[in-house]
Every structure is written in C-alpha cells, then in structure tokens.
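# Inside the fold
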Amino acid sequence: MSENFTFNLKATSGKARLGEITMPRGTIRTPAFMPVGTVGTVKAMYLDQVKEGGADIILGNTYHLMLRPGPERVARLGGLHELIRWPGPILTDSGGFQVMSLSGLRKLDEQGVTFKSHVDGSLHHMSPERSIEIQGLLDSDIQMQLDECVALPNEPREIERAMELSLRWAERCRVAFGNQPGKAMFGIVQGGDQPALRIRSAEGLKQLDLKGYSIGGLAVGEPQAVMLDMLRITLPVLPTEKPRYLMGVGTPDDMLKSVAEGIDMFDCVMPTRSGRHGLAFTRRGKVNIRNARHAEDMRPLDEQSSCPATRDYSRAYLHHLVRSNEALGGMLLSWNNLSYYQELMQGIRQAIAEDRFEDFKAETIEMWARGDI
Ligand SMILES: CNc1nc2cc(C(N)=O)ccc2[nH]1
C-alpha cells in the first residue's frame, strides 16, 4: 500500500513491461486486466469471485452511475467502494464514450456534452469539470479525463477536431482534479488512425505531467493491424515511467499483441458479455457451449483449471443451462471467462519476469489457433 500513486517498472521482455501500481487501496499487478463493473456490479459475478479470480482493480462506468443511483447519492452512501463492497482500487471512465454510444446525444461543444438519458429520457449536461466532480463523488481511485472518441473510419478533419477538443478538455480536467495524493487522473490519447494526430495528442498530454496515459479512440471498428500500428506510433512518445491503459481491449489475441507493444492495463466487457451469451474462453481456445455437439459431453471445460466453474461442471450441463436461458449458465461462463483472462494475465506477467514473453505469446496464440475444442 502507499499513501500515494506510484508505478514501479519491475522488468521488461522486449517492449513488454512488468510493473506494479501501488495506491492506498491496494497494489495493481501489471499487465492488468480490469473486469468491467458497469453499474457497480461485474455482471453475473460476486465481487468475492472477481477478487479471488485474480483481479486487483475493477472498472466503473460514470455514465451509468451518474444516471442511477446518481453521484451525490453514492457519496451520501459512503462512496462506490462502500456501496458495492469492493475494497480495492476502482478506475472510472469519464462517461464520454458511453454518452456518445448509448445516450441520445443532443449537443457536443467546447463546454461539454448535452444528452438524453437512455434510462428515462431526462436531459443532462456533462462538462470536463462535472465529469471529474462525478468521479470524485464516486470516490474513484483512477479517474479519466472527458474526451471525444470518434468512430473509425472517419474524415481526418473530424478526427483532428475531436483530438484537439480532447486535449483542451484534458487541461480542464487536470485543473478540476487538482492535487489528490492517493488518486490519479489519466489523460486519453486520441487521434484515430492518423499517426501525426496520435503524436500530437500524446505530446500535448505529456505536457500535463499526468500519472498515467490511456490510449483511446481504438477498438472502435478498425482492423487489429491499424490498432497495433497506432500503438507503435503512440507509445514511444509517452513517458516510459508512467502506466499505459488501452481502453476497451480486448480478446486474448489483442491483449497479447498489445502487451508486446508496451501496454500495461486493459478493460473489456468481452469475457463477461460473451459468457452471458454462451461463449467460453479456455486455454485451448473458444468453446461455443450452445453448439449441439456439447449436449452429451460430460467433460468439464478444463479439468486442470483452479476455477470451479471450469473444472467441476460438465459441458453438457453448461449447454443445458445456456439453452434453457438459466441465469446459472451465464454466471458459470462469466466466472470461467474472467478466470481465464486473469490466468492469461498471470501467465503474461510470469513470462515477462522470465524474459520469455515473445515465446509465451507465440505459444498461446498457436494454442488458440486450433480453435473450438
Ligand atoms: C470497446 N472499445 C472501446 N474503445 C474505447 C475508447 C474509449 C475512449 N475514451 O476513447 C473508451 C472506451 C472504449 N471502448
């Protein structure tokens, strides 16, 4: 534990980095995968399971929490950690991405965004300052600047406009965040698939001397090769002694290749969302448990796993639960998938510690290439 936010780079293997973020609420082993706790719950999971499964930190979505239960109410109830009973670090996004993807966006200008709630149609305005205020009311440990993330492909002029606006909002968020020793505010690099804009965004954020840097504006429809190219362009510009967080990513393949470029933190709804839809992630690839071929297969997903959902339940039973739309189906597969994601992150950290990450990456991708088993 530390009364401050510190990042300790412990080892490298190529460009892959092994590190630790220490904060008052706990230590985050990096590379880290952050389960998404959208509205104060990692869907279909008990947070004890999330913790025991290896997660050091979870993510909360500001957009959802500001609409329900509301930031002032969460503050009255003692903050998000108290409310949801998660004692470890929580990272909150700014709300910007989901305002633009989920709400009825009404207006976006220099001051911020005005939008209609997808819950009850009520009108809301969020400025950079209000986003930081909300994240403070939630008692968030790592807070994100408000930014504008544009979809790809897109016009370079539009990408540039959104990137420059996000840079100005980063400065306003930095001022609004002030000085909170045990907490951090991360800037978000934008710039789409335009190398010069990515560099300008990263250079601009570096001037703000932030505690960490997110790579935004990716995993929004572009090919994986474009995403990786943007990492190769952006990461060398950022300070090596600060953590880098790739937002919304991703599949095991995405994460392995992004760690190889120097990413330290990930978040993605993939393991939980796909678990609820019957897709299991295992060491030997994906298993679509809805497929009829599992109907009488009494093998577990992986008898060698330490996760009860993976080791103790037959595919036949999982198939039955998912086909019957039973809640337990999504619960067991979410548990399996998060367990696999954390097992993968632990394998990544161990491989970097032993300077054999490239081999680990190749072996893991090859195991996956064999596909459904
Ligand atoms: C699922 N893909 C994804 N891309 C993201 C980009 C951002 C961003 N702020 O640029 C946030 C969340 C994101 N999720």
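My aim in this report is to walk through the structure given alongside it, one point at a time. Keep in mind that this is a model prediction, so the values were computed, not measured.

### Notes on the nonpolar core
For soluble globular proteins, nonpolar side chains are generally found buried alongside one another. Counting 77 residues, the largest nonpolar core has Val 50, Ile 215, Leu 246, Phe 266, Ile 348 and Phe 357 as its most contacted members. For this core, the leading source of residues is helix 7 (residues 156–177), giving nine residues. Contact partners of Phe 357, with chain neighbours within four places excluded, come to Ser 13, Ala 16, Leu 256, Val 259, Ala 260, Ile 348, Ala 351 and Ile 352. Phe 5, Ala 32, Val 36 and Ile 188 belong to the second-largest nonpolar core, a separate cluster that totals 19 residues.

### Observations regarding the layout of surface pockets
Over the atoms, a rolled probe matching the size of one water molecule traces out where space is still vacant. Space inside the largest pocket adds up to approximately 790 Å³. Contributing to the lining of the largest pocket are 39 residues, with Phe 97, Met 247, Gly 248, Asp 267 and Val 269 lying nearest its centre. Of all elements in the fold, only helix 5 (96–102), helix 9 (224–234) and helix 11 (270–276) reach the threshold of two or more residues within the lining of the largest pocket. Broken down by element, the lining of the largest pocket gets its largest block of residues, five residues, from helix 5. Here the lining of the largest pocket is composed, by residue class, of 15 nonpolar, 16 polar and eight charged. For the second largest pocket, the calculated volume is near 190 Å³.

### Examining the packing of aromatic side chains
What the rule picks out here adds up to eight aromatic pairs. Seen from their ring centres, Phe 5 and Phe 186 are 6.1 Å apart, and the 90° between their planes marks the pair as edge-to-face. Of the two residues, Phe 5 is situated in the segment before strand 1 (6–13) and Phe 186 in strand 11 (residues 184–189); the sequence distance between them amounts to 181 residues. On the basis of relative accessibility, which here comes to 10%, the residue Phe 5 falls in the buried class. What makes Phe 186 buried here is its relative accessible area of 0%. Taking the centre distance of 4.8 Å and the plane angle of 65° together, the rings of Phe 33 and Tyr 341 count as edge-to-face. With Phe 33 in strand 4 (residues 32–34) and Tyr 341 in helix 14 (residues 327–353), this residue pair connects regions lying 308 residues apart in the sequence.

About the cut-offs
- Residues numbered from 1 in each chain as written.
- Predicted model: local features only at pLDDT ≥ 70, side-chain atom pairs only at ≥ 80, totals over all residues.
- Heavy atoms only, no water.
- Core = buried A, V, L, I, M, F, W, Y, C linked by side-chain atoms within 4.5 Å.
- Buried < 20%, exposed > 50% of the residue type's maximum accessible area, 1.4 Å probe, protein only.
- Helix = DSSP H or I, 4+ residues; strand = E, 2+ residues; numbered from the N terminus.
- Contact = heavy atoms within 4.5 Å.
- 1 Å grid on protein atoms, 1.4 Å probe; cavity = no way out; pocket = protein on both sides within 12 Å on 5 of 7 lines; lining within 4 Å.
- Points joined across faces, edges and corners; volume = space filled by probe spheres on them.
- Nonpolar A, V, L, I, M, F, W, Y, C, P; charged D, E, K, R; others polar.
- Phe/Tyr/Trp six-rings, centres within 6.5 Å; stacked < 30°, edge-to-face > 60°.

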